[in-house]
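Reading the structure
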Amino acid sequence: MSDQVLIRGARLYGEGDPVDVLVAHGLIAEIGSIEAAEGTEVVEAAGQVLLPGFVDLHTHLREPGREDAETVETGSAAAALGGYTAVFAMANTDPVADNAVVVEHVWRRGREVGLVDVHPVGAVTVGLNGERLAELGTMAKSVAGVRMFSDDGHCVADPLLMRRALEYSTALDVVIAQHAEEPRLTVGAQAHEGEIASRLGYAGWPASAEESIVARDCLLAGHAGARLHVCHVSTAGTAEVLRWAKDRQRAGTISAEVTPHHLLLTDERLASYDPVNKVNPPLRTGGDAARLRAALAEGVIDCVATDHAPHPVQDKDCEWAVAKPGMLGLQTALSVVTETMVRTGLLDWRGVARVMSERPAEIAGLPDQGRPLLAGEPANLVLVDPDAEWTVRGTELASLAANTPYEGMRLPGVVTLTLLRGRITAREGKIG
Amino acid sequence: MKHLLATDGLDPRLATAVLDTADELKKTLLGREVRKLPTLRGRTVVTLFYENSTRTRVSFEIAGKWMSADVINVSSGGSSVGKGESLRDTALTLAAAGADCVIIRHPASGAAHRLAGWLAESGTAVVNAGDGMHEHPTQALLDAATLRERLGTLSGRRVAIVGDVLHSRVARSNIHLLTALGAEVVLVAPPTLLPVGVSALPVTVSHELDAELAALDAVMMLRVQAERMHGGFFPSAREYSVAYGLSEQRLKMLPEHAVVLHPGPMLRGMEIASAVADAPSSAITEQVRNGVHVRMAVLYHLLAGEEEK
Ligand SMILES: [Zn+2]
């Protein structure tokens, strides 16, 4: 493969006239009308949209511990095929990523695979137990350079411990990402608390269990002057809390993400009792989904994050109550965003670049991701065919698992090319 | 009828047909010394119980035996969900071994639906004998049979369901079936024991039992599980009993023709006064008796209905 790639006739951010983009030495070398030099790999991109590579703040790669569900290698492949150039691997592995050894292992595996920049997320508390702070400083200063900490899967529920985590994080200039779920309000919870769960006999997960923690954490972050990131916002009420908190924002910085599935899917899916629809936080009502889409368009919610959560078949093909929560997301995210945000007119492609690349890179403090499409910038890029459609088949996805809620659905928006530092990592649905 | 998983969405004509069959079976067997019909000879019925419930299991077992089916009990009582062989593997084993019908009791809502999905290709019928907080359709059918017997019809009758509606699969199944058969349902419970979104159900809600009694044709008391009493759902057993227990005094406030039901096992004294449980208004023993005939009718419609009708 040549080390120069010429992307011919794409529209940057889907705007303006088609241009040629020359990528060389890992950078965008030139933008304009360009003749292909000999030995340059040419990608015909007429009708396609060029965007900065996507950054996922919320991925579960399952390595170490559950390599039967996903590995750094298979998850990286799914990410590259989904248009991602950087992912944040959550800490709820086995062993937990609450120390330098585990985060360095994950980081190193990501480098070896080389399809996407894998940034390990460190645990906030030892063993995700919510009792004692993990060695945040050691992880931040390790070779993995941890930028984000989260007990995701669990909420740091103790308000004093959360305050300490936020305060402590300010010295490291890192962000604390919270899975907002008041555990006393969600004991035994199986689905969104509402009409449908009541009818089907699922114990309810009330919206207020999320909203109350987000409100509390926003106040604590302001008090501590810390950076708080709210994971997978799922309710209309949380969007309201975020709007209020961002308006009054004192010293702290607040950001938030929403998953593709909370933008598209609702609790009406639960009637099948098929645990492929079981996720935490749960699928909410149609009204919630509509408000989340609006909040994302307005910037009240900063970005899209997949919460990619692979599970082997035996953990999903069982009774709802014992099934593991979570669904695949990396390879379908762009399509779901196209369907819910672009086709509805809520976001243009520049907006997609903002919510899938630029904002997540800013939140996590990545200097070379989510950069503008300009000569001299790092060539972390994704090319999207906005008009193409595809049919999702779980077994055809790159993940080891196949638990996609979009099975058989026809979705718009196809990733045709992904470049990591100028190197093609995925093309036309294939790696490399 | 392929399976009986829920009363939610059950065709009222089909429900009525099952109730009519139960009536016929009851008449046929009345006074017989040997209560055995050859209808399901050679058919195998398996009761698969992941939760202990002697009364429901025995009722199904007698129903199967009175119709000459081979009834096999598979109990996993005590073994908790998620341990041991998966439900899916158990289901496939039973189907492969030749079960014509699996009657399942399971602590997870939706377990019967999942089972029916896994057994779709085998042709094995599934009866939901209680799944989590979801449904218990044969209990609702036997309640409806008992009310029909006492009141003649359900159409236009007003039935109160009293107590822990939130956690009750019996309440859910009854709400759907009774309203489908033309009855009005009023739920009487403290707000902590009512499901969120209850207003979407075809019912009215009351927190005052006394205010409802005079207009009722039937009152269905629900079981209050001991663990709820200390779970903060209500302040004390005494306060609950005062507000929602069916006392002798309250019995007197009911119209004379009104029927008292309880799915059992009863907490005498707290949910229902002992004298009320044993009063002529009480149909609690008939519920148990009708339970067998209703379950026979269900098995008949699942396993013999098509061919023999
Ligand atoms: Zn989470």
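Here the structure is a predicted model, which is why all the values come from computation and not from measurement. (Residues numbered from 1 in each chain as written. Chains lettered and ligands numbered in written order. Predicted model: local features only at pLDDT ≥ 70, side-chain atom pairs only at ≥ 80, totals over all residues. Heavy atoms only, no water.)

Counting its regular elements, chain A contains eleven helices and 19 strands. For 432 residues, the compact-globule estimate of 2.2 N^0.38 gives 22 Å, and the C-alpha radius of gyration of chain A, at 21 Å, lies within 12% of that figure. Referenced to the eigenvectors of the C-alpha coordinate spread, the extents of chain A come out at roughly 65 × 45 × 45 Å. Sorting the 432 residues of chain A into buried and exposed places 62% on the buried side. Restricting to contacts in chain A with at least 6 residues of sequence separation, those with at least 24 account for 75%. (Helix = DSSP H or I, 4+ residues; strand = E, 2+ residues; numbered from the N terminus. Rg over C-alpha atoms; globule rule 2.2 N^0.38 Å. Buried < 20%, exposed > 50% of the residue type's maximum accessible area, 1.4 Å probe, protein only. Contact = heavy atoms within 4.5 Å.)

Residue and element names in this part refer to chain B. Position of Thr-47 among the secondary structure elements: in strand E1 (residues 44-49). There is a polar contact of 2.5 Å between the side chain of Thr-47 and the side chain of Asn-73. Not counting residues up to four positions away in its chain, the partners in contact with Thr-47 are Arg-57, Phe-60, Ile-72, Asn-73, Val-74 and Ile-103. (Polar contact = N/O pair within 3.5 Å; in protein donor to acceptor, adjacent residues only side chain to side chain.)

The next subject is the pattern of salt bridges. All names here are of chain B. In total, this model carries 44 salt bridges over all chains according to the counting rule given. The closest approach of N and O atoms between Asp-100 and Arg-43, which form a salt bridge, is 3.6 Å. Residue Asp-100 is located in the loop between helix H3 (87-96) and strand E3 (101-106), and its partner Arg-43 is located in the loop between helix H1 (12-29) and E1; the two are separated by 57 residues in the primary sequence. Assessed through its relative accessible area of 21%, Asp-100 is described here as partly exposed. The partly exposed category is assigned to Arg-43, whose relative accessible area is 25%. (Salt bridge = Lys/Arg side-chain N within 4 Å of Asp/Glu carboxyl O.)

Here we come to the confidence of the model for chain B. Residue and element names in this part refer to chain B. Mean pLDDT for chain B: 92, with 96% of residues reaching 70 or above. Counting interchain partners and residues more than four positions distant, the pLDDT-below-50 stretch residues 78-82 has seven contacts. The ipTM assigned to the predicted complex is 0.86, against a pTM of 0.92. (pLDDT = per-residue confidence, 0-100.)

For Thr-40 of chain A, the position within the fold is in the loop between strand E3 (27-32) and strand E4 (41-44). Within the local environment of Thr-40 of chain A, its side chain forms a polar contact with the backbone oxygen of Ala-37 of chain A, the two atoms lying 3.1 Å apart.

A few words on the packing of aromatic side chains. Note on aromatic pairs: each is described by the distance of the centres and the angle between the planes. With the rule as written, the count across this model stands at five aromatic pairs over all chains. Measuring from ring centre to ring centre gives 5.4 Å for Tyr-202 of chain A and Tyr-273 of chain A, while their planes differ by 55°; the resulting arrangement is tilted. Of this pair, Tyr-202 of chain A sits in the loop between helix H5 (195-200) and strand E12 (204-205) while Tyr-273 of chain A sits in the loop between helix H8 (260-264) and helix H9 (286-298); the two residues are 71 residues apart in sequence, bridging distant segments of the chain. Each ring, one from Phe-234 of chain B and one from Tyr-240 of chain B, has its centre 4.8 Å from the other, and the planes form 35°; the classification is tilted. By relative accessible area, which is 6% here, Phe-234 of chain B ends up buried. (Phe/Tyr/Trp six-rings, centres within 6.5 Å; stacked < 30°, edge-to-face > 60°.)

With that settled, consider the coordination of the zinc ion. Residues and elements named next belong to chain A. At the metal site, the zinc ion is ligated by Asp-152 (OD), His-179 (ND1) and His-232 (NE2), and these contacts range over 1.9 to 2.2 Å. All donors to the zinc ion come from one chain, and their sequence spacing reads D-x26-H-x52-H. With Asp-152 in the loop between strand E9 (148-150) and helix H4 (159-170) and His-232 in the loop between strand E13 (227-230) and helix H7 (236-248), this residue pair connects regions lying 80 residues apart in the sequence. (Donors = N, O, S within 2.8 Å, 3.2 Å for Na, K, Ca; no water.)

All names here are of chain A. You can read the domains of chain A as domain 1 (4-49 + 377-400 + 408-431) and domain 2 (57-364). Counting residues at the interface gives 33 residues for domain 1 and 34 residues for domain 2. A per-residue breakdown of the area domain 1 buries against domain 2 is headed by Tyr-13, Leu-400 and Pro-412, which together make up 23% of the total. Linking domain 1 with domain 2 are three salt bridges, by the criterion used here. Here Arg-421 ties to Asp-117 by a salt bridge, and the two come within 2.7 Å at their closest N and O atoms. For the interface between domain 1 and domain 2, the tally reads twelve residue pairs in polar contact (both at pLDDT 80 or more). Looking at the side of domain 1 that touches domain 2, the elements with two or more residues in it are strand E16 (381-391), strand E17 (410-420), strand E18 (423-427) and strand E19 (430-431). (Domains from an automatic or database assignment. Buried area = accessible area lost by both parts, 1.4 Å probe.)

Taking the numbering used here, the UniProt-annotated feature "domain: Aspartate/ornithine carbamoyltransferase Asp/Orn-binding" (unreviewed entry) corresponds to residues 156-302 of chain B. The annotated region residues 156-302 of chain B carries 39% helix and 14% strand content, and the separation between its end C-alpha atoms amounts to 29 Å. (UniProt positions renumbered as here; feature names shortened; annotations may be inferred.)

If you look at the biggest cluster of nonpolar residues, it comprises 97 residues, and the most contacted ones within it are Ile-7, Leu-51, Leu-242 and Met-356 of chain A. Counting residues per element, this core draws most heavily on helix H6 (residues 207-224) of chain A, which supplies six residues. Contact partners of Leu-51 of chain A, with chain neighbours within four places excluded, come to Tyr-13, Trp-349, Val-352, Ala-353, Leu-373, Asn-380, Leu-381, Val-382 and Val-384 of chain A. Counting 90 residues, the second-largest nonpolar core is a separate cluster that includes Leu-19, Trp-66, Val-127 and Val-165 of chain B. (Core = buried A, V, L, I, M, F, W, Y, C linked by side-chain atoms within 4.5 Å.)

With that settled, the discussion passes to the UniProt feature "binding site: Zn(2+) 1" (unreviewed entry) in chain A. Residue and element names in this part refer to chain A. Sequence positions flagged by UniProt for "binding site: Zn(2+) 1" (unreviewed entry) are, in local numbering, His-58, His-60, Asp-152 and Asp-307. Of the residues just listed, which span 250 residues, no C-alpha pair is farther apart than 9.8 Å, and they cluster in one region. Of the annotated set named above, His-60, Asp-152 and Asp-307 line the second largest pocket. Within the secondary structure, His-60 sits in the loop between strand E6 (54-59) and helix H1 (72-81). When residues no more than four places from it in sequence are discounted, the contact partners of His-60 are Glu-70, Met-90, Asn-92, Asp-152, Asp-307, His-308, Ala-309 and Pro-310. (1 Å grid on protein atoms, 1.4 Å probe; cavity = no way out; pocket = protein on both sides within 12 Å on 5 of 7 lines; lining within 4 Å.)

With that settled, consider the layout of surface pockets. Residue and element names in this part refer to chain A. Considered as a void within the structure, the second largest pocket measures approximately 460 Å³ in volume. Lining the second largest pocket are 23 residues, and of these His-60, Arg-62, Asn-92, His-311 and Pro-325 lie nearest its centre. Tallied by class, residues from the lining of the second largest pocket come to seven nonpolar, nine polar and seven charged. (Points joined across faces, edges and corners; volume = space filled by probe spheres on them. Nonpolar A, V, L, I, M, F, W, Y, C, P; charged D, E, K, R; others polar.)

Where the parts come together, the accessible area they lose is often given as the size of the interface. All names here are of chain B. If you check the domain split of chain B, you get domain 1 (12-136 + 288-308) and domain 2 (137-287). Taking only C-alpha atoms into account, the centre of domain 1 sits 25 Å from that of domain 2. Counting from both sides, the interface comprises 29 residues of domain 1 and, opposite them, 29 residues of domain 2. Of the roughly 2,200 Å² buried where domain 1 meets domain 2, counting both sides, 55% is carbon and sulfur surface. Area buried by domain 1 at its contact with domain 2 is led by Leu-19, Met-133 and His-136, which between them contribute 29% of it. Summed over the shared surface of domain 1 and domain 2, the result is four salt bridges.

Turning next to the pairing of strand E14 (residues 253-258) of chain A. Residues and elements named next belong to chain A. Taken across its six residues, E14 has five buried, putting it largely inside the fold. As paired strands, E13 and E14 are joined by four bridges and run parallel to one another. Counted as the bridge partner of Leu-228 is Ile-254 from E14. Where the polypeptide runs from E13 across H7 and back to E14, its parallel neighbour, the crossover connection is right-handed. Of the strand pairs in this sheet, E14 and strand E15 (residues 303-304) are connected by two bridges, and their pairing is parallel. What sits directly across from Glu-257, in E15, is Cys-303. (Pairing = 2+ DSSP bridges. Right-handed = clockwise from strand over helix to strand, strands pointing away.)

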